[in-house]
Amino acid sequence: MSAREERQVASDAGLSKQRVVVEAVRLADREGVAGLSMRRLAGELDAGAMTLYRYVASKDELLDAMVDLMFEEIELPPEETDWQSAMRQRAISTRQVLARHPWAIGLLESRTSPGPANLRHHEAVTACLRRAGFSVVMATHANWLLDSYVYGFALQEAGLPFDTAAEFADMGEDVYLPQLPPAEFPYLNESAAALVAAGYDPAEEFTFGLDLILAALEPLRVSG
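Rules of the game
- Residues numbered from 1 in each chain as written.
- Predicted model: local features only at pLDDT ≥ 70, side-chain atom pairs only at ≥ 80, totals over all residues.
- Heavy atoms only, no water.
- Helix = DSSP H or I, 4+ residues; strand = E, 2+ residues; numbered from the N terminus.
- Rg over C-alpha atoms; globule rule 2.2 N^0.38 Å.
- Contact = heavy atoms within 4.5 Å.
- Areas by Shrake-Rupley, 256 points an atom, 1.4 Å probe, with all protein chains shown as cover.
- Lys, Arg positive; Asp, Glu negative; His and termini not counted.
- Charge placed at Lys NZ, Arg CZ, Asp CG, Glu CD.
- Domains from an automatic or database assignment.
- Buried area = accessible area lost by both parts, 1.4 Å probe.
- Polar contact = N/O pair within 3.5 Å; in protein donor to acceptor, adjacent residues only side chain to side chain.
- Nonpolar A, V, L, I, M, F, W, Y, C, P; charged D, E, K, R; others polar.
- UniProt positions renumbered as here; feature names shortened; annotations may be inferred.
- Salt bridge = Lys/Arg side-chain N within 4 Å of Asp/Glu carboxyl O.
- Buried < 20%, exposed > 50% of the residue type's maximum accessible area, 1.4 Å probe, protein only.
- pLDDT = per-residue confidence, 0-100.
- Phe/Tyr/Trp six-rings, centres within 6.5 Å; stacked < 30°, edge-to-face > 60°.
- Core = buried A, V, L, I, M, F, W, Y, C linked by side-chain atoms within 4.5 Å.

Visitor: Mind showing me how you'd approach the overall build of the chain here?
Guide: Scanning the chain from terminus to terminus reveals ten helices and zero strands. Taken from the N to the C terminus, the helices and strands of the chain come in the order α-α-α-α-α-α-α-α-α-α. Taking 17 Å as the expected radius of gyration for a compact globule of 224 residues, we find that the chain reaches 23 Å, considerably beyond that expectation. Overall, the C-alpha framework of the chain stretches about 75 × 50 × 25 Å when taken along its three principal axes. Across the chain, every contact between residues at least 6 apart in sequence was considered, and the portion connecting residues at least 24 apart equals 72%. A total of about 12500 Å² of accessible surface is found on the chain, and carbon and sulfur atoms cover 56% of it. Within the chain, one finds 19 positive and 34 negative side-chain charges whose respective centroids are separated by 10 Å.

Given below as structure tokens:
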């Protein structure tokens, strides 16, 4: 065996499916899922490309495992509290995970071979809603509504040109307001100026909308 082959064997010996999946997530975090390939991943792991197929048979299997890892990061709705608090906590946790891994926004519900963490998560959410008194159909409605809101908000948030309230204020003063002459855009100018002055934080919109949805669902949990 050549020296190069010996180095490759030594490198491959440290591999495991968990390490492969974790490195794939790191790569997707940096470059997006479009930049993920088995060859690219093998380079990050300093391993032979064909070696990876010992741990994941295909890119689809790799994506399934990556999505399952995302579901492991999301907090399950706790059983020891009321359904609204439990679903609120789960929604906030989901948003936090998607903020860390924006590539996953379009993938969490797309897999046809869900892993164990994925199934545990959906079982826990359904159980929370059913124990609260929602019928099977109404629990399904509630789950779709909440996920659509969380994923949609995460998608919109990922595309914003600012990350903090301070950055929003700076952009409001330096970028937005100059584009909104009061004579032409009186209401937009008024809103932008008032929000900047008030120290408005767009991140607070998430819990505002979430609480409205949870309140609207409450009357339906025993009448559905």
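Visitor: Looking at this structure, how should I read the domain arrangement of the chain?
Guide: Size of an interface, as often reported, equals the accessible area lost when the parts are brought together. Taken domain by domain, the chain holds domain 1 (3-57) and domain 2 (70-220). For domain 1 versus domain 2, the separation of C-alpha centres amounts to 33 Å. Between domain 1 and domain 2 lies a buried interface of about 370 Å² when both sides are counted; carbon and sulfur atoms form 71% of it. Scanning the region where domain 1 abuts domain 2 turns up two residue pairs in polar contact (both at pLDDT 80 or more). Class assignment for the residues of the side of domain 1 that touches domain 2 results in three nonpolar, one polar and one charged.

Visitor: Is there a simple way to explain the UniProt feature "DNA-binding region" (unreviewed entry) in the chain in this structure?
Guide: The UniProt entry lists residues 37-56 under the feature "DNA-binding region" (unreviewed entry), expressed in the numbering used here. Annotated as 40% helix and 0% strand, the span residues 37-56 places its first and last C-alpha atoms 12 Å apart.

Visitor: Would you mind showing me how to read the pattern of salt bridges here?
Guide: Pairs may arise between side chains of opposite charge once their charged atoms sit close together. For the structure shown, the criterion picks out twelve salt bridges. Where R30 meets E44, a salt bridge forms, and the shortest distance between an N and an O atom there is 3.0 Å. Separated by 14 residues along the polypeptide, R30 in helix α2 (residues 17-31) and E44 in helix α3 (residues 38-45) bring together distant segments of the chain. Since its relative accessible area comes to 31%, E44 is described here as partly exposed.

Visitor: Please explain the confidence of the model for the chain as it appears in this structure.
Guide: Parts of the model with low pLDDT should not have their predicted coordinates read in detail. Chain-level statistics for the chain give a pLDDT mean of 89 and a share of 93% at 70 or above. The model gives residues 1-11 a pLDDT under 50, and that stretch makes nine contacts with residues more than four places away or in other chains.

Visitor: Is there a simple way to think about the environment of L155 in this case?
Guide: When you line up the elements, L155 lands in helix α7 (residues 136-158). Note: C-alpha distance between L155 and D174 (19 residues apart in sequence) is 25 Å.

Visitor: I keep staring at the side chain of N143 and nothing clicks. Help me out?
Guide: In this structure, N143 sits in helix α7. Residue N143 is classed as buried on the basis of its relative accessible area of 15%. The contacts of N143, once residues within four sequence positions are left out, are R90, V125 and L129.

Visitor: Is there a simple way to think about unusual backbone geometry in this case?
Guide: Residue D46 is not a glycine yet carries a positive backbone phi of 55°. You can see D46 is positioned in the loop between α3 and α4 (59-73). Residue D46 is classed as exposed on the basis of its relative accessible area, which comes to 54%.

Visitor: I'm lost on the packing of aromatic side chains in this one. Help?
Guide: The geometry of an aromatic ring pair is captured by two quantities: the separation of the ring centres and the angle between the planes. Taken as a whole and judged by the stated rule, the model has six aromatic pairs. Ring centres of Y149 and F153 lie 6.1 Å apart, and the angle between their planes is 45°; this geometry places the pair in the tilted category. Residue Y149 and its partner F153 are located together in helix α7, separated by four residues, close to a single helical turn. Between F168 and Y200 the ring centres are 5.4 Å apart and the planes differ by 65°, which places this aromatic pair in the edge-to-face class. Here Y200 lies in the loop between α9 (186-198) and α10 (205-217) and F168 lies in helix α8 (residues 165-176), a separation of 32 residues in the sequence. Judged by its relative accessible area of 11%, F168 is buried.

Visitor: Looking at this model, I keep getting lost on the nonpolar core. Mind explaining?
Guide: Burial of nonpolar side chains together is a common tendency in soluble globular proteins. Of all hydrophobic cores here, the largest spans 55 residues; its most connected members are L62, M66, W83 and L108. The element that contributes the greatest number of residues to this core is α7, accounting for nine residues. Three or more residues apiece are contributed to this core by two domains, here domain 1 (3-57) and domain 2 (70-220). Apart from residues lying up to four places away in sequence, L108 is in contact with V67, M70, F71, I74, L98, N118 and Y151.

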